[in-house]
Amino acid sequence: MTERSGFSSKVGFIAAAAGSAVGLGNIWKFPFEVGESGGAAFVMVYLAFCFILCFPLMVTEIAIGRKGQRNPVGAFVALGHSKWSFIGKLGILSCVLILSFYNVVAGWCFGYFVEILSGNFSIGEQFPDFVKDIIKVGGYSFVFMVMTAFIVSKGISKGIEKAPKILMPVLLIIIVVLASYALTLPGASKAVEFYLFPDFSKITGEVVYNALGHAFFSLSLGLGAMITYGSYLGKKENIISSAVAITFLDVGIAFLAGLMLFPMVISQGLDTHGGAGLVFMSLPGVFGDMNPFMGMVIGGLFFLLLSFAALTSTVSVLEIPVSYLVDEKKMKRSNAVWLTALGIFLLGIPSLLSNGYSSFFSGFVTYFGASDPTDFMTFISDVASNSFLPLGGFLIALFAAFVWKKENLFEEVTNGNKNFTNTWVAKFLGFSIKYLCPWILGAVFILNVLDKFFGITLYY
Ligand code: PFF
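Residues numbered from 1 in each chain as written. Predicted model: local features only at pLDDT ≥ 70, side-chain atom pairs only at ≥ 80, totals over all residues. Heavy atoms only, no water.

Peer 1: How would you sum up the overall build of the protein? Please name residues and give values.
Peer 2: When helices and strands are tallied, the protein shows 20 helices and 0 strands. Expected size for 460 residues packed as a compact globule is a radius of gyration near 23 Å; at 21 Å, the protein falls within 12% of this value. With respect to the principal axes defined by its C-alpha atoms, the protein has extents near 60 × 50 × 40 Å. Looking at the protein as a whole, 62% of its 460 residues are labelled buried. Considering only contacts in the protein between residues 6 or more positions apart, those separated by 24 or more positions represent 81%. Mean positive and mean negative side-chain charge positions of the protein (28 and 26 charges, respectively) differ by 15 Å. (Helix = DSSP H or I, 4+ residues; strand = E, 2+ residues; numbered from the N terminus. Rg over C-alpha atoms; globule rule 2.2 N^0.38 Å. Buried < 20%, exposed > 50% of the residue type's maximum accessible area, 1.4 Å probe, protein only. Contact = heavy atoms within 4.5 Å. Lys, Arg positive; Asp, Glu negative; His and termini not counted. Charge placed at Lys NZ, Arg CZ, Asp CG, Glu CD.)

Dropping the structure here:
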């Protein structure tokens, strides 16, 4: 099989894949999930899932992509198992759903960048009204989708690889600086206690489902993003060290984001249960308390970088359906990009309306068994991140362990890593893919769906 053109170097691949992983999930979603789901207890469960289940799955996805040299649907066909290509189709559906709401939040970030640059530090208090101003916010989201589509239309080495190489390190530095600053704020010790000292009695079924869904979402797993990026990775590159770097960067940035945010939330007198508005409500106040020039520079830079982090993620999500349309449906790249981007933007409109603008979408009573009405955006996020992604991971693990088989997986990983089979990582990987991932993911998926969508709670 010929190798398709792709990343020009391993660093380029790691930067792009870590760029996919690091995004709003780390800085916006992780802290608010921690805030809503029991603080440090959630953090512990999330970390365990990242390393025990998600890391092996990341290696597996990259290996499937590199072996298949195609998009997530075509890769299964190329491996000789076309019946399993439905996993890729499920992944494409997840992509479309995720990008539809993710792009809305990315629009908020971009809007905040503009507001803070113009010196509006009270934007934090105006958050509930800001998200209701759908013309403005819709405009920002639209611009964001256009930027995403533009980068994807440029193709792999010219578009997807370039930006994260520069922006990721800058983002990391600014988060470290802000976290160090946050730890000097009044109330920091209370925040650290909430964030880092677990109360294990807080681990309920809901915490486990959310932590699992978030681990998948944050590491961009279960929907074929890593299959797609893996298909552009050269045979000489080491998959294990790449996956280690991506996982540590992603988890590290989320961890630092929490360390930065909770002291800020508490010092601003806000509740840790701030939901989707947590980052948006707490940070501007902190920037506003700095001297005006510093506040504008640091605050502006922060939201600019957050927008970039979101952009390297939206690019990777859009690339998945696009690579499918280009490979399998023989569409011209630019047509595939603009059509998909437009479709997904339109699909995001209910999410755009669901933060208070439309009472219908804001109190969208969805779940068959559940009594609490929830908004459309939370609904889509629950369906996609907490249900479809772990389901995708479950199916990928089943496929790798029982259909493709460990020998083939290991053979692919050995390219670029000669002694792999003799390492403890190989033993752990083989064990996790066969004995942990399918069963834990399958069980959590079923329990979650019964609980969330049918109101049948088997585990509290
Ligand atoms: N991992 C991204 C984040 O944490 O923001 C979100 C994401 C990107 C999910 C790409 C899925 C994906 F394919």
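Peer 1: Residues and numbers for the site of the ligand, please.
Peer 2: Contacts to the ligand come from 15 residues, most closely from Ala 21, Gly 25, Tyr 102, Phe 217 and Ser 218. Between a nitrogen atom of the ligand and a main-chain N or O atom of Ala 21, the distance comes to 2.9 Å. With respect to the ligand, the backbone of Phe 217 contributes an N or O atom lying 2.8 Å from a nitrogen atom. Contact with the protein chains removes 100% of the 340 Å² of surface that the ligand exposes when unbound. (Near = heavy atom within 4 Å. Polar contact = N/O pair within 3.5 Å; in protein donor to acceptor, adjacent residues only side chain to side chain. Areas by Shrake-Rupley, 256 points an atom, 1.4 Å probe, with all protein chains shown as cover.)

Peer 1: How would you sum up a positive patch on the surface? Please name residues and give values.
Peer 2: A cluster of basic residues, Lys 405, Lys 406, Lys 427 and Lys 434, forms a positive patch on the protein surface. At the level of secondary structure, the elements contributing two or more residues to the positive patch comprise α19 (376-414) and α20 (424-454). Owing to a relative accessible area of 31%, Lys 434 belongs among the partly exposed residues under this scheme. (Patch = residues over 30% accessible without salt bridge, like charges linked within 9 Å, V, L, I, M, F, W, Y side chains within 5 Å. Salt bridge = Lys/Arg side-chain N within 4 Å of Asp/Glu carboxyl O.)

Peer 1: Now, about the environment of Lys 405: what can you tell me, with residues and values included?
Peer 2: Within the element layout of this structure, Lys 405 appears in helix α19. You can call Lys 405 partly exposed: its relative accessible area is 40%. For Lys 405 and Gly 430, which are 25 residues apart along the polypeptide, the C-alpha to C-alpha distance reads 9.8 Å. The residues touching Lys 405, leaving out its near neighbours within four places in the chain, are Phe 399 and Ala 400.

Peer 1: How would you explain the nonpolar core if you had to name every residue and give the values?
Peer 2: Counting 169 residues, the largest nonpolar core has Trp 108, Phe 287 and Phe 303 as its most contacted members. Top contributing element to this core by residue count: α19, with 21 residues. The residues contacting Phe 303, other than those within four sequence positions of it, are Cys 109, Tyr 112, Phe 113, Ile 116, Phe 280, Leu 283 and Phe 287. (Core = buried A, V, L, I, M, F, W, Y, C linked by side-chain atoms within 4.5 Å.)

Peer 1: How would you sum up the pattern of salt bridges? Please name residues and give values.
Peer 2: One pass over the structure, following the stated rule, counts 6 salt bridges. Residue Arg 66 is joined to Glu 412 by a salt bridge in which the shortest nitrogen-to-oxygen separation is 2.7 Å. Here the residue Arg 66 occupies a position in helix α3 (residues 40-68), and Glu 412 occupies one in helix α19, the gap between them amounting to 346 residues. Across this residue pair, the class does not change: Arg 66 and Glu 412 are buried. A salt bridge links Glu 412 to Lys 235, with the shortest nitrogen-to-oxygen separation between them at 3.1 Å. Residue Glu 412 is found in helix α19, and its partner Lys 235 is found in the loop between α12 (225-230) and α13 (239-267); the two are separated by 177 residues along the sequence. Through salt bridges with shared partners, one network takes in Arg 66, Lys 235 and Glu 412.

Peer 1: Break down the state of the cysteines for me, citing the residues and quoting the values.
Peer 2: Summed over all chains, the structure comprises 0 disulfides. With no disulfide partner, Cys 54 has as its closest neighbouring cysteine sulfur the one in Cys 50, 5.3 Å distant. A disulfide-free cysteine, Cys 95 has its sulfur positioned 16 Å from the sulfur of Cys 54, the nearest such atom. Classification of Cys 95 as buried rests on a relative accessible area of 0%. (Disulfide = S-S within 2.5 Å.)

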